[in-house]
Amino acid sequence: MENSSNTSAKQQEAIEQQIQNWPQKSWEIMSRLRKTNPLIQCITNYVSIDIMANTLLAAGASPAMVSSSEEIPEFTPQVHPLCINAMKLATQLAVQHRKPWVLDPVATGSSGFRLRACLDLLALKPTVVRGNASEIIALASASLDSLHESLDALEAGKSLAQASGAVVAVSGDVDIVTDGNQVIGAHNGVPIMQQITATGCSVTALIAAFVAVEPTHALEATVSALSIFGIVGELGMESEKGPASLRVNLIDSLYGLDEGTVDHRVKVSSLFRS
């Protein structure tokens with residue numbers, strides 16, 4: 001019992017140290033992203049293309065919105081990571097060339113067609129899966145589902161991470177990130193961000209960019225990207241007049257983000273560890 005208690009205490013101490021270091025870790029990844037300018041291929045819907053590309057540019061990455069099946073065999077092997085809603089061909093090439101890739105299962109619980117497509121992609125072992133609570137619950141249970149909050153999906157996220165080997169991120173009032181064991185909460189952001197089309201897709205693209213420069217620590221990269229995106233939402237709120245102005249402010253705030261702001265504003269906590 002004593003050894004078990006000592007181990008538990010050491011684990012808790014390590015978690016607390018990790019949480020304390022998260023602002024510094026987030027800035028380190030952001031700085032390396034700006035220096036290395038990784039090429040991020042995004043295969044997404046037409047509504048999301050503009051804000052995803054501009055989010056990546058403001059962060060310091062190079063977006064490539066290449067989705068033609070004629071180009072993909074030549075193009076995908078050259079990218080750093082892949083950020084995808086659909087298209088099995090590109091995903092297979094990313095896996096073949098050992099590229100990290102991030103799956104965003106958009107509205108996967110809304111139809112059988114979407115669910116089957118996302119389950120097929122999940123079988124190819126993404127590095128990260130990022131969705132809202134309803135999407136993650138639908139993917140974890142392989143069934144159509146209704147609306148949920150992020151904390152409702154905590155167990156579903158853990159189960160999905162354990163089954164798939166991916167880091168799973170659940171966006172919501174509190175963003176939850178888990179590798180199936182550790183569960184981290186990212187507490188930055190503002191509710192009005194949900195009133196802007198494709199902010200979810202944009203943060204998925206930012207996660208892909210962070211994974212590009214931190215491929216062996218996908219959980220840390222994912223939490224850091226969610227924290228950074230939440231912070232720029234908070235900054236954007238300081239001068240917003242509504243969703244349209246906040247959309248512009250998000251991009252400007254991300255472009256101008258500095259170390260002091262990240263260090264002061266990152267809010268991360270340990271939610272659970274089994």
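Computed from a predicted model, the values in this text were never measured in an experiment.

What counts as what
Residues numbered from 1 in each chain as written. Predicted model: local features only at pLDDT ≥ 70, side-chain atom pairs only at ≥ 80, totals over all residues. Heavy atoms only, no water. Buried < 20%, exposed > 50% of the residue type's maximum accessible area, 1.4 Å probe, protein only. Helix = DSSP H or I, 4+ residues; strand = E, 2+ residues; numbered from the N terminus. Pairing = 2+ DSSP bridges. 1 Å grid on protein atoms, 1.4 Å probe; cavity = no way out; pocket = protein on both sides within 12 Å on 5 of 7 lines; lining within 4 Å. Points joined across faces, edges and corners; volume = space filled by probe spheres on them. Nonpolar A, V, L, I, M, F, W, Y, C, P; charged D, E, K, R; others polar. Contact = heavy atoms within 4.5 Å. Right-handed = clockwise from strand over helix to strand, strands pointing away. Salt bridge = Lys/Arg side-chain N within 4 Å of Asp/Glu carboxyl O. Patch = residues over 30% accessible without salt bridge, like charges linked within 9 Å, V, L, I, M, F, W, Y side chains within 5 Å. Areas by Shrake-Rupley, 256 points an atom, 1.4 Å probe, with all protein chains shown as cover. Lys, Arg positive; Asp, Glu negative; His and termini not counted. Charge placed at Lys NZ, Arg CZ, Asp CG, Glu CD. Axes fitted to C-alpha atoms, helices over the stretch in contact; angles between N-to-C directions. Parallel < 35°, antiparallel > 145°, perpendicular 65-115°, else oblique. Left-handed = near helix turned anticlockwise from the far one by under 90°.

Caption draft 1: Structural context of the pairing of strand E6 (residues 167-171). Counting buried positions along E6 gives 5 out of 5 residues, so the element sits mostly inside the fold. Neither face of E6 is open: one carries Val167, Ala169 and Ser171, the other Val168 and Val170, and all of them are buried. Pairing of E6 with strand E7 (residues 175-178) involves 3 bridges; the strand directions are antiparallel. Bridging across to E7, Ala169 finds its partner in Val177. Between E6 and E7, which pair antiparallel and follow one another directly, the connecting turn spans 3 residues.

Caption draft 2: Up close: the layout of surface pockets. There is about 190 Å³ of room inside the second largest pocket. With 4 residues, helix H5 (residues 112-122) is the largest single contributor of residues to the lining of the second largest pocket. A breakdown of the residues in the lining of the second largest pocket according to their chemical character gives 7 nonpolar, 3 polar and 2 charged.

Caption draft 3: Main features of the environment of Phe75. Here Phe75 shows up in helix H3 (residues 72-75). For the pair Phe75 and Gln41, spaced 34 residues apart in sequence, the C-alpha separation works out to 8.8 Å. Filtering out sequence-adjacent residues up to four positions away, Phe75 remains in contact with Leu39, Gln41, Ala64 and Val66.

Caption draft 4: Here's a closer look at the pairing of strand E1 (residues 39-43). For E1, the tally of buried residues reaches 4 of 5 residues, placing the bulk of the element in the interior. Both E1 and strand E2 (residues 62-64) contribute to a ladder of 3 bridges, which runs parallel. Bridge pairing in E2 links Leu39 to Ser62. Once the chain exits E1 it traverses helix H2 (residues 49-59) before rejoining the sheet at E2, and the crossover so formed is right-handed. Relative to strand E3 (residues 82-84), E1 is paired through 3 bridges, and the arrangement is parallel. Following the sheet pairing, Cys42 is matched in E3 by Cys83.

Caption draft 5: Local environment of the pattern of salt bridges. A complete count under the given rule lists 6 salt bridges for this structure. Linking Glu214 and Arg32 is a salt bridge whose minimum nitrogen-to-oxygen distance equals 2.7 Å. Of this pair, Glu214 sits in the loop between helix H8 (199-213) and helix H9 (218-237) while Arg32 is found in helix H1 (residues 2-36), placing the two residues 182 residues apart along the sequence. Between Glu238 and Arg265 there is a salt bridge, and its shortest N-O distance comes to 2.7 Å. One end of the pair, Glu238, is in the loop between H9 and helix H10 (243-255); the other, Arg265, is in helix H11 (residues 259-265), and 27 residues separate them in sequence. Given a relative accessible area of 21%, Arg265 falls into the partly exposed group.

Caption draft 6: Highlighting a negative patch on the surface. A surface patch of like charges, here negative, comprises Glu28, Asp258, Glu259 and Asp263. Structurally, the position occupied by Glu28 is in helix H1. Judged by relative accessible area, which is 34%, Glu28 ranks as partly exposed.

Caption draft 7: Main features of the packing of H2 against H10. Running from N to C, H2 and H10 cross one another at 25°; their axes reach a closest spacing of 7 Å. Classed by the angle they form, the pair H2 and H10 counts as roughly parallel. Considering the relative orientation of H2 and H10, their crossing is right-handed. Two secondary-structure elements touch here, H2 through Asp50, Ile51, Asn54, Thr55, Ala58 and Ala59 and H10 through Arg247, Ile251, Leu254 and Tyr255.

Read these as spatial facts, not as claims about activity.
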